[in-house]
Amino acid sequence: MIERGWEKKIEPLTVRISTAVRITGLSRSRIYELIQAGELEVTKVGRATLVQYRSLKLLTANIGSSGGGT
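Computed from a prediction, not measured in an experiment: that's the story for all the values here. (Residues numbered from 1 in each chain as written. Predicted model: local features only at pLDDT ≥ 70, side-chain atom pairs only at ≥ 80, totals over all residues. Heavy atoms only, no water.)

Q: Even after reading the chapter, I still don't get the overall build of the chain, so can you show me in this structure?
A: For the chain, the helix and strand inventory stands at four helices and three strands. For the chain, the succession of helices and strands along the chain, N to C, is α-β-α-α-β-β-α. Residues counted as buried form 24% of the 70 residues belonging to the chain. Considering only contacts within the chain whose residues lie at least 6 apart along the sequence, 48% involve residues at least 24 apart. In the form shown here, the chain has an accessible surface area of approximately 5,300 Å², with 54% of it arising from carbon and sulfur atoms. (Helix = DSSP H or I, 4+ residues; strand = E, 2+ residues; numbered from the N terminus. Buried < 20%, exposed > 50% of the residue type's maximum accessible area, 1.4 Å probe, protein only. Contact = heavy atoms within 4.5 Å. Areas by Shrake-Rupley, 256 points an atom, 1.4 Å probe, with all protein chains shown as cover.)

Structure representation (C-alpha cells):
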C-alpha cells in the first residue's frame, strides 16, 4: 500500500477516555478530575465522552515544562 506524506501527519481530533489513559499514563480517575477542573476539553456524543486531542497535548506539554504533575 502506498502511504502519502500528508497521511502520516494526521492526528485525531478526539480520543476516548480509555485512549487518553493509555497515551498519557494517567489513571482514569485522574483524567476525570482534569475534565472536572476544566484542564481537559471534552465533547459528548451520545453517551461517549471524547477528549479533545489538542488539550491532551497541551496538558502533557505543560507537565513536561513544569517538571511536575498536576
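Next comes the rest of the write-up.
Q: Sorry if this is basic, but what is going on with the nonpolar core here?
A: Most often, soluble globular proteins have nonpolar side chains that are buried together. Val15, Ile17, Ala20, Ile31, Leu34, Ile35, Leu40, Val51, Tyr53, Leu56 and Leu59 together form the largest nonpolar core, which totals 11 residues. Contributing elements (two or more residues each) for this core: helix 2 (17–24), helix 3 (28–36) and helix 4 (53–66). (Core = buried A, V, L, I, M, F, W, Y, C linked by side-chain atoms within 4.5 Å.)

Q: Explain helix 3 here, please?
A: Within an α-helix, residues lying three or four positions from one another point in the same direction, as the helix has 3.6 residues per turn. Inspection of helix 3 places Arg30, Ile31, Leu34 and Ile35 among the buried residues, and these make up the whole buried set. The arc enclosing the buried residues of helix 3, seen along the axis, measures out at 145°, which places them on a common side. (Arc of directions from axis to C-beta.)

Q: Even after reading the chapter, I still don't get the sheet that holds strand 3 (residues 48–52), so can you show me in this structure?
A: Note on sheets: strands pair through backbone hydrogen bonds, and any given pair is parallel or antiparallel. Taken in spatial order, the three strands line up as 1-3-2 in an open sheet, and their pairing is antiparallel. Looking along the sheet, the strands with just one partner apiece sit at the ends: strand 1 (14–16) and strand 2 (42–45). Pairs of neighbouring strands in the sheet enclose a mean axial angle of 35°, with direction left out of account. As judged from the four bridges shared by strand 2 and strand 3, these two strands associate in the antiparallel manner. Note on strand 3: the bridge partner recorded for Thr43 is Leu50. In the packing of helix 2 onto the sheet, contacts are made with strand 1 and strand 3, and the angle to strand 1 comes to roughly 95°. (Pairing = 2+ DSSP bridges. Axes fitted to C-alpha atoms, helices over the stretch in contact; angles between N-to-C directions.)

Q: Any chance you could explain the packing of helix 2 against helix 3 here in plain terms?
A: For any two helices packed against each other, the geometry comes down to the angle between their axes and how far apart the axes lie. The geometry of helix 2 relative to helix 3 is characterised by a closest axis approach of 9 Å and an angle of 105° between their N-to-C directions. What the angle tells us is that helix 2 and helix 3 run roughly perpendicular. Residues Ile17, Ser18, Ala20, Val21 and Thr24 of helix 2 form the contact with helix 3, whose participating residues are Arg28, Ile31, Tyr32 and Ile35. (Parallel < 35°, antiparallel > 145°, perpendicular 65-115°, else oblique.)

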